[in-house]
Every structure is written in C-alpha cells, then in structure tokens.
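Descriptive structure summary
Now for the letters of each chain:
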Amino acid sequence: MADILIVEDERHIADVLAFLLREKGWRVRRAEDGTAALSMVQHQKPDLILLDLHLPGIQGLPFMKRVRELYPAQAVVILTAQGEEDARVRGMEAGADDYVCKPFNNRELVARVQAVLRRTRGDFLREESPREPEIVLAPLRLDCAGFRLYVGDNPIDLAKHEFSLMEALMRHPARVFTRDQLIAKMYAEGEDVFDNAVDTTVWRLRKKVREITPDLNPIKTIYGLGYRFSGEPT
Ligand code: CA
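Residues numbered from 1 in each chain as written. Predicted model: local features only at pLDDT ≥ 70, side-chain atom pairs only at ≥ 80, totals over all residues. Heavy atoms only, no water.

Let's talk about the overall build of the protein chain
Within the protein chain, the secondary structure is distributed over eight helices and twelve strands. Over its C-alpha trace the protein chain gives a radius of gyration of 18 Å, about what one expects of a compact globule, namely 17 Å for 234 residues. Principal-axis analysis of the C-alpha atoms gives the protein chain an extent of 50 × 40 × 30 Å. Every one of the 234 residues in the protein chain was classed for burial, and the buried ones make up 50%. Considering only contacts in the protein chain between residues 6 or more positions apart, those separated by 24 or more positions represent 56%. In the form shown here, the protein chain has an accessible surface area of approximately 11700 Å², with 51% of it arising from carbon and sulfur atoms. Considering the protein chain, the positive charge centre built from 34 side chains and the negative charge centre built from 37 side chains are found 3 Å apart. (Helix = DSSP H or I, 4+ residues; strand = E, 2+ residues; numbered from the N terminus. Rg over C-alpha atoms; globule rule 2.2 N^0.38 Å. Buried < 20%, exposed > 50% of the residue type's maximum accessible area, 1.4 Å probe, protein only. Contact = heavy atoms within 4.5 Å. Areas by Shrake-Rupley, 256 points an atom, 1.4 Å probe, with all protein chains shown as cover. Lys, Arg positive; Asp, Glu negative; His and termini not counted. Charge placed at Lys NZ, Arg CZ, Asp CG, Glu CD.)

What about the pairing of strand β1 (residues 3-7)?
Each regular strand shows side chains that alternate between the opposite faces of the sheet. Taking burial as the measure, the five residues of β1 include five buried ones, the bulk of the element. The alternating pattern of β1 places D3, L5 and V7 on one face and I4 and I6 on the opposite face, and all of these are buried. For the segment spanning β1, helix α1 (residues 11-23) and strand β2 (residues 27-31), crossover handedness is right-handed. In this sheet, strand β3 (residues 48-52) lies alongside β1 in parallel orientation, the contact comprising four bridges. Across the sheet, residue I4 finds its bridge partner in β3, namely L48. (Right-handed = clockwise from strand over helix to strand, strands pointing away. Pairing = 2+ DSSP bridges.)

Here's the deal with the coordination of the calcium ion
Each protein donor to the calcium ion is listed here as E8 (OE), D9 (OD), E10 (OE), D52 (OD) and H54 (O); together their distances run 2.1 to 2.8 Å. Ordering the donors of the calcium ion by residue number gives the pattern E-D-E-x41-D-x1-H. Separated by 44 residues along the polypeptide, E10 in the loop between β1 and α1 and H54 in the loop between β3 and α3 (60-70) bring together distant segments of the chain. (Donors = N, O, S within 2.8 Å, 3.2 Å for Na, K, Ca; no water.)

Focus: the environment of H12
The residue H12 is located in helix α1 in this model. Classification of H12 by relative accessible area gives exposed; the value is 54%. In sequence terms H12 and Q114 are 102 residues apart; their C-alpha atoms lie 22 Å from each other.

Considering the confidence of the model for the protein chain
This prediction gives the protein chain a mean pLDDT of 88; 94% of its residues lie at or above 70. Confidence over residues 123-130 falls short of pLDDT 50; this stretch has 17 contacts with residues more than four positions distant or in other chains. (pLDDT = per-residue confidence, 0-100.)

Section: the nonpolar core
Looking at soluble globular proteins, one finds that nonpolar side chains tend to be buried together. Residues L142, L149, L165, M166, M170 and L182 are the most contacted members of the largest nonpolar core, which totals 28 residues. Elements with a contribution of two residues or more to this core: β6 (134-137), β7 (140-143), β8 (148-151), α6 (160-171), α7 (179-186), α8 (197-212), β11 (216-222) and β12 (226-233). Here this core gets six residues from one element, more than from any other, and that element is α6. Beyond its immediate sequence surroundings of up to four residues, L165 is in contact with L182, M186, V198, T201, V202, L205 and I219. By size, the runner-up hydrophobic cluster in this structure holds 25 residues, among which are A37, I78, I222 and L225. (Core = buried A, V, L, I, M, F, W, Y, C linked by side-chain atoms within 4.5 Å.)

A few points about the packing of helix α2 (residues 34-44) against α3
The relative placement of two packed helices is expressed as an angle between their axes plus a distance between the axes. Running from amino to carboxyl end, α2 crosses α3 at an angle of 15 degrees, the nearest separation of the two axes being 11 Å. Relative to α3, the element α2 is oriented roughly parallel. As for the relative orientation of α2 and α3, their crossing is right-handed in sense. Between α2, through G34, A37, L38, V41 and Q42, and α3, the contact on the second element is made entirely by F63, R66, V67 and L70. (Axes fitted to C-alpha atoms, helices over the stretch in contact; angles between N-to-C directions. Parallel < 35°, antiparallel > 145°, perpendicular 65-115°, else oblique. Left-handed = near helix turned anticlockwise from the far one by under 90°.)

A short note on the domain arrangement of the protein chain
Domains assigned within the protein chain are domain 1 (3-121) and domain 2 (125-233). Taking the mean C-alpha position of each, domain 1 and domain 2 sit 27 Å from one another. On the side of domain 2, twelve residues touch domain 1, which itself brings 14 residues to the contact. Contact between domain 1 and domain 2 buries roughly 1000 Å² in total, counting both sides, with carbon and sulfur atoms accounting for 50%. By the criterion of area lost to domain 2, the three top residues of domain 1 are M92, E93 and R119, representing 44% of everything that side buries. Notably, a salt bridge pairs D97 with R175, separated by 3.8 Å at the nearest N-O pair. Across the domain 1-domain 2 interface, the total number found is two residue pairs in polar contact (both at pLDDT 80 or more). When contributions to the side of domain 1 that touches domain 2 are tallied by element, the ones reaching two or more residues are α4 (85-93), β5 (98-102) and α5 (106-128). (Domains from an automatic or database assignment. Buried area = accessible area lost by both parts, 1.4 Å probe. Salt bridge = Lys/Arg side-chain N within 4 Å of Asp/Glu carboxyl O. Polar contact = N/O pair within 3.5 Å; in protein donor to acceptor, adjacent residues only side chain to side chain.)

Written as structure tokens, this is what we have:
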C-alpha cells in the first residue's frame, strides 16, 4: 500500500488521477494548491507526490524545491503540458524523479508512478546509511571502497570520474541527472573539465559493462535531459 498525494487544481484532472491510482490499490489524498500540499507533506509523509507544475498560490517549481530541501528523499513525479520542455527540464533539475506530459496516457501514467515507487522505496533505505560500502542494484553492484563495479561476479575497475558518475546514478536510481549535475559530482571545483566529459564517461562505462554482458545497459539516456541509472537490457 502506497500513499500518494495528488497536487492539482483542475478538479476533473485530479478526479481522473485519483481514480487511476485508487484502482491500483494505492491510497490517494489531494491538494489543490501548494500551501495545502506542503502542510500535507509535512504531516502525512506521502510515498509519492504527483505534482502539476501549474498551481495557484505557491507554484509547482518553488513547491518542488521546498519539498526537496525538507525531504531530500521524497519521490516526486511532475505533470507538465505538452510543449513545455523548458518547465520540464527545470522540474527535473529541481529534483523530480520523473515526469508525465498532459494529456497523459492512463496506462503510462500508472506505469511511471509504479516505477518511481519501486525505485525510491529502495532509495529511502539507501539514504539512511549513506556510507555503506556497496550499492547493490542487481545485476550491478558498486564497491565504493574498491572503486569497482561488479556485473554479477565479474569486477570492472573504474577510473575516478567513472566511479563518481556511476555512484551518483546508483545512489539515486530513480532520478534523472543533467550533464551539469553529473559534472558537479564528477569534478572538484576548479578541476579541468574536458568537452563532452559526461558523454565520454557514459560511453566508456557502457563499453566496459557490455564487454561482460553484451545486452546490459548500465545507463539510460533521457532525451533532452540527461542520464539515469538503467541496469536493464538494451
Ligand atoms: Ca493546474
């Protein structure tokens, strides 16, 4: 049983969302503006927030940032209108776990929510022990002390930047990271950053993993946004 908070001021859309999510057996609560939603997040700790970016009062994006400050591990899926690539990118940069475009396909919406719930419930456990020596997301395992990535029992030695990139993705497997966010994880301030550093590192990581398991892709490209952990076949 998961608790989902729908933040949407257009009632007919919120009705459809609530119906679809309840049908999956999830408990649904609703808020029509950012202020009410923030108080519900603080008191009821939902497992996931489905957030429309267009709201009266506190707008979706400032709301999203506030929630991230208070609860870094809170799962959030944003709803954006078609053609709003800019708002979507800003929402994902503010830390949303995924997005769904309106008008949405019912099955796709439920599938995205379900996928984020599955990934972030693991995420909560990991964030309670941030210093754990390894991150296991089968079939991949990252050995944080030995700077190695295991595919099953096969170790891959990682260079420093490869390790940092993989660590960022595997610590937050539900999240999409932009290239700038990954650069910030991979490089110290003032360190020289090569052109295409992120894309090149992703390419090398994929190559190393595929030398062991040819159809396994460790990193998914999210077109127009950046990268996310994958660990699934291509
Ligand atoms: Ca709205």
